Structure formats: C-alpha cells, structure tokens
Amino acid sequence: MNWAGLYTVLSGVNRHSTAIGRIWLSVIFIFRIMVLVVAAESVWGDEKSAFTCNTQQPGCNSVCYDHFFPISHIRLWALQLILVTTPALLVAMHVAYQQHQEKKLLLLTGHGDAKHMEEVKKHKMRISGSLWWTYVCSVVFRLLFEAVFMYIFYMLYPGYQMMRLVKCEAYPCPNTVDCFISRPTEKTIFTVFMLVTPSVCIVLNMAELVYLVVRACARRSRHNSNPSSGKSSFYGHKHSSEYKQNEINQLLTEQDGSLKDMLRRNSGLQEKGDRCSAC
Amino acid sequence: DWGTLHTILGGVNKHSTSIGKIWLTVLFIFRIMILVVAAEKVWGDEQQDFVCNTLQPGCRNVCYDHFFPISHIRLWALQLIFVSTPALLVAMHVAYRRHEKKRQFRKGDQKCEYKDIEEIRRQRFRIEGSLWWTYTSSIFFRLIFEAVFMYAFYFMYDGFRMPRLMKCSAWPCPNTVDCFVSRPTEKTVFTIFMIAVSSICILLNVAELCYLLTKFFLRRSKKAGNSKQQPNHENKEETKQNEMNELISDSCQNTVIGFSS
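Since the model is a prediction, treat every value here as computed from it, not as a measurement.

The rules behind these values
- Residues numbered from 1 in each chain as written.
- Chains lettered and ligands numbered in written order.
- Predicted model: local features only at pLDDT ≥ 70, side-chain atom pairs only at ≥ 80, totals over all residues.
- Heavy atoms only, no water.
- Helix = DSSP H or I, 4+ residues; strand = E, 2+ residues; numbered from the N terminus.
- Buried < 20%, exposed > 50% of the residue type's maximum accessible area, 1.4 Å probe, protein only.
- Contact = heavy atoms within 4.5 Å.
- Pairing = 2+ DSSP bridges.
- Axes fitted to C-alpha atoms, helices over the stretch in contact; angles between N-to-C directions.
- Expected span 1.5 Å × (residues − 1).
- Bend = angle between axes of the 7 residues up to and from the residue.
- UniProt positions renumbered as here; feature names shortened; annotations may be inferred.
- Disulfide = S-S within 2.5 Å.
- Patch = residues over 30% accessible without salt bridge, like charges linked within 9 Å, V, L, I, M, F, W, Y side chains within 5 Å.
- Areas by Shrake-Rupley, 256 points an atom, 1.4 Å probe, with all protein chains shown as cover.
- Salt bridge = Lys/Arg side-chain N within 4 Å of Asp/Glu carboxyl O.
- Phe/Tyr/Trp six-rings, centres within 6.5 Å; stacked < 30°, edge-to-face > 60°.
- Lys NZ or Arg CZ within 6 Å of the ring centre and 35° of its normal.

Some thoughts on the overall build of chain B
- Looking only at helices and strands, chain B has nine helices and three strands in total.
- Reading chain B from its N terminus to its C terminus gives the helix and strand order α-α-β-α-α-α-α-α-β-β-α-α.
- Here chain B, with 261 residues, has 44% of them falling under the buried criterion.
- Partitioning the contacts of chain B with sequence separation of at least 6, the portion at a separation of at least 24 is 76%.

Brief notes about the sheet that holds strand E3 (residues 177-180) of chain B
All names here are of chain B.
- The three strands lie next to each other as E1-E3-E2, forming an open sheet whose pairing is antiparallel. Pairing within the sheet leaves two strands with one partner each, and these edge strands are strand E1 (51-52) and strand E2 (165-168).
- Here E2 pairs with E3 via four bridges, running antiparallel. For Lys167, the partnering residue across the bridge sits in E3 and is Asp178.
- Sheet strands in contact with helix H3 (residues 59-67) are E1, E2 and E3, and its direction is about 110 degrees off that of E2.

What about helix H2 (residues 19-43) of chain A?
- The end-to-end C-alpha distance of H2(A), which contains 25 residues, comes to 34 Å, matching closely the 36 Å that a straight helix rising 1.5 Å per residue would cover.
- The sharpest bend along H2(A) comes to roughly 50 degrees, located at Leu36(A).

Some thoughts on the UniProt feature "domain: Connexin N-terminal" (unreviewed entry) in chain B
- Sites flagged by UniProt as "domain: Connexin N-terminal" (unreviewed entry) map to residues 41-74 of chain B.
- Secondary structure content for residues 41-74 of chain B is 41% helix and 6% strand, and the end C-alpha separation is 13 Å.

A look at the state of the cysteines
- What the rule picks out here adds up to six disulfides over all chains.
- Across the disulfide, Cys64(A) is cross-linked to Cys168(A) (sulfur-sulfur distance 1.9 Å). Negative torsions about the S-S bond denote left-handed disulfides, and the value of about -85 degrees found for Cys64(A) with Cys168(A) makes this one left-handed. Here Cys64(A) is found in helix H3 (residues 60-68), whereas its partner Cys168(A) is found in strand E2 (residues 165-168), with 104 residues between them in sequence.
- By relative accessible area, which is 0% here, Cys64(A) ends up buried.
- Sulfur-sulfur distance for the disulfide between Cys59(B) and Cys173(B) comes to 1.9 Å.

Things to note about a nonpolar patch on the surface
Residue and element names in this part refer to chain A.
- On the surface, a nonpolar cluster with roughly 540 Å² of combined accessible area is contributed by Ile30, Phe31, Met34, Val37, Val38 and Phe193.
- With five residues, the single largest contributor to the nonpolar patch is H2.
- By the secondary structure assignment, Val37 is in helix H2.

A short note on the sheet that holds strand E1 (residues 52-53) of chain A
Residue and element names in this part refer to chain A.
- Pairing in this open sheet of three strands is antiparallel, and the strands run E1-E3-E2 from one edge to the other. For this open sheet the edge positions go to E1 and E2, each flanked by a neighbour on one side alone.
- Where E2 meets strand E3 (residues 177-180), four bridges bridge the pair, whose relative direction is antiparallel. Paired with Lys167 across the two strands is Asp178, which belongs to E3.
- Packed on one face of the sheet, H3 meets E1, E2 and E3 and runs near 110 degrees to E2.

Description of the UniProt feature "transmembrane region" (unreviewed entry) in chain B
- Under the local residue numbering, the UniProt record ascribes the feature "transmembrane region" (unreviewed entry) to residues 22-39, 76-96, 131-157 and 190-213 of chain B.
- Note that residues 22-39 of chain B is 100% helix and 0% strand, and that its end C-alpha atoms are spaced 23 Å apart.

Overview of the packing of aromatic side chains
- A full pass over the atoms with the stated rule returns 26 aromatic pairs over all chains.
- Look at Phe51(A) and Tyr65(A): their rings are 5.5 Å apart centre to centre, the planes differ by 70 degrees, and that puts the pair in the edge-to-face class. Of this pair, Phe51(A) sits in the loop between H2 and E1 while Tyr65(A) is found in helix H3, placing the two residues 14 residues apart along the sequence.
- Residue classification places Tyr65(A) among the buried residues on the basis of a relative accessible area of 1%.
- Measuring from centroid to centroid gives 5.3 Å for Trp43(B) and Trp76(B), while their planes differ by 85 degrees, and the two rings are edge-to-face. Here Trp43(B), found in the loop between helix H2 (18-42) and E1, pairs with Trp76(B), found in helix H4 (residues 72-84); they are 33 residues apart in sequence, far enough to count as distant.
- Relative accessible area serves as the criterion here: at 3%, Trp76(B) is assigned to the buried category.
- Site record: aromatic cluster; members linked through ring pairs are Trp43(B), Phe50(B), Tyr64(B), Phe68(B), Trp76(B), Phe153(B), Tyr154(B), Tyr157(B) and Phe160(B).
- The residue whose ring lies beneath Arg142(B) is Trp23(B), and the NZ or CZ to ring-centre distance is 3.8 Å.

A closer look at unusual backbone geometry
- Note the cis peptide between Tyr171(A) and Pro172(A), where omega equals 10 degrees.
- For Pro172(A), the position within the fold is in the loop between E2 and E3.
- Of note, the bond from Trp171(B) into Pro172(B) is cis; its omega dihedral lies within 30 degrees of zero at 10 degrees.
- With respect to the helices, strands and loops of the structure, Pro172(B) is situated in the loop between E2 and E3.
- Positive phi, close to 50 degrees, is recorded for Arg183(B), a residue that is not glycine.
- Here Arg183(B) is to be found in the loop between E3 and helix H8 (184-226).
- Taking relative accessible area as the criterion, Arg183(B) reaches 6% and is therefore assigned buried.

Right, dumping it as structure tokens:
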C-alpha cells in the first residue's frame, strides 16, 4: 500500500470529474507525488545524519535538529498530499451509492441482465443533484486542506529559503553553536517548486468551483424558463404525493438522461451524440 | 506486506455495511498508508540516534531499552493487524455460505434459485441471521483490540508526548545520565495523529454496532407486525411499484429513465 494504491483509487474518481478536476488530478500525480517520490525524498534522505554542529557535546546535535525541524518538509508534503486527495473519495462513495441504486432500479423493472449491469458500471454520472453538492463539498475541502497546510508550512518555516548555517543554544549545547544543514540550495529549489504547485492547484480548485456554480445557475435558469417544468420548482413541496407522482411522470417522459440513453442504445434505437466530457 | 492485507480485506468490503466501508477506507488511507509512507522513516533512526552523555559501554543500549520497551512503529503495526483480523471471521462465514449454496446447486436442488456457479460467487449476502451475529462479534472484537492497544500505549509511554531529554540511571550507567531522543517533535505529531485516527475508528465501530442493533430490532418488530396480516399478490405489486418510485425520486436527476413500465 503506497502511492500506487492511492493512484488506483483516485483514477476511478477521475471518470466522474469535470475537465478541470482531471487536470488537477494530473498536476497532483505528476508534479507533486512523482516529484516527491523521485526527487525530494533523496534530497532530504540524509537531513539528520548530515546535520552537523560544531560541538562534541553529546545530544546537542539531536536537540538542535529537533529545534529547527520540528517536522520534516517531506512528511509535511506527504501528509498534505494524502489529505488533499482524500475528499475525492467522498465523490467515489456517492457515485458507488448511485450506481447501486440504478442497479436496484434496473432489477425491479426487469432489465437485470448482465449487459445492463455492465453498462451501469461503465456509464458516466452527470454531476447534478446531490452528486453536485458532494462534488462541491469535496472541492471546498481540498481548498481548505491546501490552505491549512500552506499556512502551517509558513508558520513552521517562515520564508522559503533554507539557510546553510543556523545558530543553536538549546540545552545541552554549552554555548551558542554553529550548525550546518546539508544540501541547502537543492532543498530551497524543491521547496519553491513544492510551494508553486500547490498554488497552481489552489487556482485550479477555485476555477473548478466557479465553473460548477456557474453551470448549476445556468442549468437552473434554463429549467425555470422551460414551460414544461411547471410545478416542479426546486422549492416546491417535495413531500406531497401529487408532487412526487408528477415528478416521476415527468422523469419518465423527459428527453435527456444517461440511463435512458443506455437502454435506448441497447434496444437498437438511434444513438445520441457523445456528451461533452466537462458536463 | 500490507498489500496482501489489502487484498484480503477488499473481499470483505463487499459484504460490509456502509459504515464498515468507511471504516476500511479510514484504516487503509489514514493509518496504514501514513504508517508506511511517513512514520516508518521518522522512527527509522530511533536507536542509532539515541545519544547518551556518557562513554560507558552498554549504557546507551540499556537506557534505550528502558525507555522504549517496544517501538511505537511495531506497536501500531501490531494494532493494525489485530484490528483488521476480525473481518476475516466474516469472510470465512461468507465463504462457508457460498460453499453450501454451491453444494446445493450441484446437487440440483429445486429450491436453489441461481442460474450458475458464477452468480453464487458474485452474490452479496444480506447481513441477517447467523451472519449478523458473526459480523457483530467481529465489530465487538475490533473495538476491544483498539481499546486494549490504546491503553497499552498510554501505559507504556506515560501519555502521548515524546520528551527531548530523558534521565537514565540503569546499570551500567555510572550516575544519572542525560539521554537525547531523535526527532521528538515529529514523533509527537505522528503519535497524536495516529491516536486521533484510532479514536475516529473506535467511533465508527460504535456507530456501526448501534446501526446493526437498530436494524435488528426494527426487522424483528416488522416481522411481528407482518405475521398478523396475510400477504397477497396485490400487496407485492404495490410495494414493488412504491420501491421503484422511491428509487426514481431519490436519484431523480441522475438516473433518469425513459421507458414505460
């Protein structure tokens, strides 16, 4: 269980993301996880063994290292990546739940053969209704985690530059001792890189949020201006049985719909054009 | 090898409740992955970099052993193994049931409603009857193991904080010597993280237990109510249509259907 496992889990989510969401996922995997694993871990590998202080006092080395590096950059970035990618699992769980509901519905209506079940697994969910809210929450959480970690980073290590020399006077160091950090320039370069990429990810997340909100508003205004929508307003009395039956009847005769496409296709009718992948 | 555990538990996942699936995800991502990716590196040099202010041979080893009877990493690994094992009880019970159904199918039993062996293998069993008892016991054992390990941790390390400096006077150290632990702050951060995630797992297990008990009592009261009325053909059709309507209105925007029933 390592980064490859996380990749497998998240690739599943990828199919139901927007286009910006897919770009974000690629940035995460290529520019952050891959760089972390391939490069940064080797640079920080000898961070403690090569941290040298100008003293023979036993324990001074350990204490000074702990004072200047309460938590290593690498661990902070690894935690950040794990926490930032986790909200996508909310979406994956919601999609799995909806697929389960679809399968149940197909079984009840007598379309429970293996071909239809496979189609349910393969077809792409539209991001609307409750899935939209789950997706938006996951994007908000991502943003929050990124921001929190960048703030923690700034609190622990103000400034991005790694010094060559730090002066330490914690007990048991006898006086102020000079301590030297290993590979400071290389560490500075990687730190800057790993600060820029989360910023890019934050921008992508905000763009995705704006896109989702704009699309939802556009869809709602289209729905409201459509005369056949009639009583089925978003704020209608959802619990009345008449409303529910109207909604069901409307859905049964509605023109667009992923499940309807799938069933139409299977009964040999004309196929609808491919949907935009960002929808 | 955590990968093998992942494969084994992935199979159990299919027969768990939704809370059980969330618990499994939390286990794998926030505990096992963090342990492997981060924590093992932080504790990697714990003995080499454990430094004591003395030249007395053997003093360092004795002091390290005195303060760290069992390393945090090993304790967490043991905890994860013990906590994931009760799920195997459920896996074994499910495998036993499948085996029975296959035997029935092969005998050509009239009662068996499956079309082929593949369907038996793929079928998801509902958590009721003896499987309910197995499942509930497995959750109960999980809870016990989690609690026992958290207590053992607290007992051995006197709280969750890792001090920088420890004073040691075990033989052969000449007097009280200062010993310095490597990366104490980072270790404290990870210890707190792992304790927090264990607590979340305990809460999830308690929630799952309550959910199962509630479902059990509801089912029992429904059965007691149903045994009074005669089930007839019309009732079945109505309930089926009701269920369909419910499913459609639940996921009305994504699972749109356009065919006539």
